[in-house]
Amino acid sequence: MSMSKYGRSLVCAAVSAALGSASILPLAASAAETGGDTQLEEVVVTGFRGSLNTALAEKRSETSAIDVIAAEDIGKFPDSNLAESMQRIPGVTLSRGDGGEGRNISVRGLGPLFTRVRINGMEAAAQTGSSDIYGAGNSGRSFDFNVFPTEIFSELAVRKTPSADVEEGSLGATVDLKAPRPFDFDDESVVTLTGRGVYNTLTEDLDPRASMLFSQKFLDNTFGVLASAAFQKRNIREVGYSAVDILSANTNANNIGTPQSPIWLPYCTPVGWTATAPSPVPGTRGATDANCSTNNPRSSDLAAYQTVYNLRRASLPDVPGSGAFLPRLPRYVNSEQDTERTGGTLTLQWMPSENTNIVLDGLLSRYQVERRDNYILGLSFGRNLTNNGQPMVSVRDISFDEHGSVQRAVFDGVDVRSEGLVDQFVSTFEQVNLTFEHSFSDKFKITGLAGRSNSIWDGPMRLQTFLDAIDTDNFALDFRGGRETPLIGFGIDVNDPNSFQYAPSPDGNQTVLGGFSTQGKPSRNVTQIANFDLALEWQATDMFAFTWGGQYRENDFHSRNSNLVPSQVPVQALPAGVTVADISRQITGLDDLFGSGAPASWVAVDPKKWRDVFNFADMDFCGVECGAAQSQILEKVTSGYFMVSFESGSDWFIPVRGDIGVRYVQTDQSAVGHIPVNAPAGAPFPTVGQRNQVDRDYSDTLPSLNVVFDLTPDLLARFSAAKVMSRPELGNLTPTATITATTRTGTVNNPFLDPIRAKTADLSLEWYFRPGSLLSVAYFYKDIETYIQRITSPVVYTELGLPDALLAGTPASPTDVFNVSRLENTDGGPLKGFELNAQVQLDMLPGFWSNFGVLGNYTRVESEIEYILTSVGGVVTSSTTADLVGLSKNSASGTLFYDDGRFSIRGTGTYRDKYIRGIPASAGSDLQGNSDTFYVDAAASWNFNDNLTLILEAQNLTEERNTLFIDSVREDTLFQTDIGRTYTLGATYKF
């Protein structure tokens, strides 16, 4: 069960007050008197405490605001997931994907789009897939950390303030991931092997996880080779509830009047109501005074219908049911995933002298997933009259709360569907880069980098299959008792294959009796990045150093989808002798998860059996030649910078160090997209893609300043100021458009979008009051000058620049007005906040207690963005002001640990406040959001001897559930799943 919000707040407050973040100063050497002489004995600190010490030492020495997380031991990162590690850094919040695994991060309220990631000093892109509710596949600039096994990295750093020598592109932070290198280790030869077993309480499977690292130095320790590899196979399961959307009862209502004088009736009217609906009924549906449709009798309950009819929202006082809100597709969810994650590094490092360091890094990671989602749902509430939807449903009993959210409802004539989705994808990341550094003297140094990476997201199959039961009675929803998710009664035995049908539509797709969809698959996204850097550094005086640098980067993103050949789209009948039972399976093991009254199991299509029966492997697919999506974004970025670094030394009353510089960036962009159009007569396909290309360029001048004041030996103050920019999402830049002629709506992307630009300032105070301890406070401010929004405006079709042929065969004409949603640059707004950070090693305590430590942080962020909802002729007609999408106002993390050098144990709690996922939401709701979360993890290790270490880890000990909701007042649940607890037991052996 999830914690109550009050309980979470108490725990969070207590944790934040006492605990700390992710970095601690190395312990000073201790003095011992021997024969009257004072000698220094080096104290070597290892394990979790040692990783914190290493991290804090780097933080203190940097001029920029930076937080570091270092490996606890060779090949052992502190957490099982890179994104989850970063939760311990102040201002960093985590976005989770399938199975609750950390996917990407937000920094100081700025989402994944605003975070740049570099691997071994080179910009990187990494994309995975996920369930639709979490945004499906990532085809943008956001970096998905779950592509990589943690074991192939030795350190990550989150750089929150820029400097001129760091590439542009971030408003939030630049994250540096570093793989280990041979000369990171003092030993000439290093070999480690690690094996783990991973158990989850929902899957009840024991999954393997293993890694190794080998490092060897040669040629009198001037040349080194390091190789690492990691493998993980895991079965993931989530179960829960999804509404897909929350709609008011009028959304799919039946208009029995005229377009000029509409009369909207939300459901099939009961016997005795003043008007009769559905009417008029297209085709032959069998609607009469007694029936909503063939063999679907009308209800006689006037009171229930009257309840819905009388609920109206203030903005639509004349529309019956506009104030009654119900789930669009109320459904139970069972999601299972088979995942396999492999990765490895190979590094060659040559250091012929202390003046020269040449490194060739290679890195490979592969993340392969097959996800099987199954739903049992009520289908009719998300459909209108033309496809036998809501107007043919009778309401028998219904009640709502004071905000209009349904609490209890019973319906007749509901179509029930068992839906399955099989989604396969493989994410592959490949990178090779050469870095070099050579000091010609103690005054002059040259550094350089040349590298190339490929990020490939390959989706060979996305197959949706479904079974249908038409016009079921006694379909029930029950949210009573403060339930976030409902009890759903389906009115039929959903465990019986005979309850469902799979057959072609008997009336031209008006009535659907099962079917399939490939949903634009196969598909493939590829991001290729080439990077070249060169920098010269001159130490002119003891106080001043000058750095000149230039960089060239080429980002080439291309994406393509495929459609099933149109002749193979229609649903085929089951072959003679084949029944629903022959192509189905049971979704089981749900008795204790959904609650009493919900189904313990249900029938679903077995995708393998279905593919065999219908010879899916032999079906044909086509690409842009039959209207499938295809796009490319090519960016060529040329930049140069000049930076002055300074350090006054101890001669000044207050020693000062820092850097000031400016960076100039030229971006050349070419965007290619394809717009589907009707093909000429006689063409093999009815739809083709029309190529559209837009070229443009823009430039930015980005000054930056970082200053550190060493107020005392233990107290320092930092100040930073800069201009920063973040480029638009790649998918938003494609010159494409889609229109729906029947509803006269459209969606248009914009290749002329300008970057999101901002001015930033940071001020912090850090007190290193004891060796290995820190108290700090930081204030940050960002003036976001421009933002990117999707704005809906009425536009005459001819003004869209789309071919008239796109409307051929539809009810629309080129002179019609369409409601078009277009991406535009809008005014931004301020973002400000503060961070509190406490990191304390309790070595001042006596005996056993001196091995304890606490880490904790708290961040508060506020922003103000005006979201433009609609406009006419460029004039805003409706808008709302809210926080930045993805911003949690409050976040905190706390860790209590014990580490005596041989045995280490820690527990970590992370809290994230609720945040907005999207504005606007569906009609009648102002936003989509994510509820607050509080996750608790733990880890322990025991050094059995110098070679063998035993490991125990646990994630999500409180069985937290992530909940998505809609509307800031009603907070109706959109999605909630249980991911269970995960336990890991393993061992590391070092040679």
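That block above? That's the structure.
So, how was this worked out
Residues numbered from 1 in each chain as written. Predicted model: local features only at pLDDT ≥ 70, side-chain atom pairs only at ≥ 80, totals over all residues. Heavy atoms only, no water. Core = buried A, V, L, I, M, F, W, Y, C linked by side-chain atoms within 4.5 Å. Buried < 20%, exposed > 50% of the residue type's maximum accessible area, 1.4 Å probe, protein only. Contact = heavy atoms within 4.5 Å. Helix = DSSP H or I, 4+ residues; strand = E, 2+ residues; numbered from the N terminus. Pairing = 2+ DSSP bridges. Arc of directions from axis to C-beta. Polar contact = N/O pair within 3.5 Å; in protein donor to acceptor, adjacent residues only side chain to side chain. Axes fitted to C-alpha atoms, helices over the stretch in contact; angles between N-to-C directions. Patch = residues over 30% accessible without salt bridge, like charges linked within 9 Å, V, L, I, M, F, W, Y side chains within 5 Å. Areas by Shrake-Rupley, 256 points an atom, 1.4 Å probe, with all protein chains shown as cover. Salt bridge = Lys/Arg side-chain N within 4 Å of Asp/Glu carboxyl O. Phe/Tyr/Trp six-rings, centres within 6.5 Å; stacked < 30°, edge-to-face > 60°. Lys NZ or Arg CZ within 6 Å of the ring centre and 35° of its normal.

Asker: Please clarify how the nonpolar core should be interpreted in this entry.
Answerer: Across soluble globular proteins, nonpolar side chains have a tendency to be buried as a group. Within the largest apolar cluster, 64 residues are counted, with the highest numbers of intra-cluster contacts made by I398, F411 and W610. Discounting residues that sit within four places of it in the chain, W610 has contacts with L463, T465, Y502, F516, I583, V605, F616 and M619. Within the second largest apolar cluster, 30 residues are counted, among which are L110, L733, I916 and I919.

Asker: Explain the pairing of strand 6 (residues 115–119) to me, please; I cannot follow it from the model alone.
Answerer: Successive side chains on a regular strand alternate, one facing one side of the sheet and the next facing the other. Within strand 6, five of the five residues are buried, which leaves it mostly tucked inside the rest of the structure. Burial of the side chains of strand 6 extends over both faces: T115, V117 and I119 are buried on one face and R116 and R118 on the other. Alignment of strand 6 against strand 9 (residues 173–178), held across five bridges, turns out to be parallel. Bridging across to strand 9, R118 finds its partner in D176.

Asker: Just checking my understanding: could you explain helix 4 (residues 302–310) for this structure?
Answerer: Each full turn of the α-helix corresponds to 3.6 residues, which orients residues three or four apart in the same direction. Every buried residue belonging to helix 4 is among A304, Y305 and V308, and all of these are buried. Considered in projection along helix 4, the buried side chains sweep an arc of 95 degrees and stay on one side of the axis. Buried positions along helix 4 lie against strand 15 (264–265) and strand 21 (394–400). Its side-chain oxygen placed 3.2 Å from the backbone nitrogen of A303, D301 serves as the N-cap of helix 4.

Asker: Explanation requested: unusual backbone geometry in the structure shown.
Answerer: A negative phi holds for most residues other than glycine; trans holds for most peptide bonds. At the junction of A277 and P278, the peptide bond is cis and its omega measures out at 10 degrees in the coordinates. Here P278 shows up in the loop between strand 15 and strand 16 (291–293). A cis geometry characterises the amide bond from I919 onward to P920, with omega recorded as -5 degrees. For P920, the location among the structural elements is in the loop between strand 48 (915–918) and strand 49 (928–930). Positive phi is not limited to glycine here, since R108 has a value of about 55 degrees. Secondary-structure assignment places R108 in the loop between strand 5 (102–107) and strand 6.

Asker: Explanation requested: the sheet that holds strand 22 (residues 406–412) in the structure shown.
Answerer: Working definition: the strands of a sheet are paired by backbone hydrogen bonds and lie parallel or antiparallel to each other. Here we have four strands laid out as an open sheet, ordered 21-22-25-26, and antiparallel in their pairing. Of all strands in the sheet, those bounded by a partner on one side alone are strand 21 and strand 26 (487–489). For this sheet the average axis-to-axis angle between neighbouring strands, irrespective of direction, equals 5 degrees. Where strand 25 (residues 475–478) lies against strand 26, three bridges are found, and the strand directions are antiparallel. Bridging from a neighbouring strand, D478 pairs with L487 of strand 26.

Asker: Honestly, the side chain of R209 in this entry has me stumped. Any pointers?
Answerer: For R209, the location among the structural elements is in strand 11 (residues 206–218). Polar side-chain contacts of R209 include one of 3.4 Å to the side chain of T150.

Asker: Would you explain a nonpolar patch on the surface in this entry?
Answerer: A contiguous nonpolar patch, built from F653, I654, F709, L711, F719, L763, L765, V777, Y779, Y781, F834 and L836 and spanning about 1100 Å² of accessible area, is present on the exposed surface. At the level of elements, strand 40 (756–767), strand 41 (774–796) and strand 42 (817–841) are the ones that each hand at least two residues to the nonpolar patch. Along the chain, F653 falls in the loop between strand 34 (630–647) and strand 35 (656–678).

Asker: What is the right way to read the packing of aromatic side chains from this model?
Answerer: How two aromatic rings sit relative to each other is given by the distance of their centres and the angle of their planes. Summed over all chains, the structure comprises 38 aromatic pairs. Pairing F848 with F852 gives two aromatic rings, centres 5.4 Å apart and planes at 80 degrees, and the pair type is edge-to-face. A relative accessible area of 17% places F852 in the buried class. Each residue in the set Y267, Y332, F381, F411, F475 and F490 is aromatic and connected to the rest through ring pairs, giving one cluster. The side chain of R417 reaches across the aromatic face of F466, ending 3.7 Å from its centre. Just above the ring of F325 sits the side chain of R970; from NZ or CZ to the centre is 3.7 Å.

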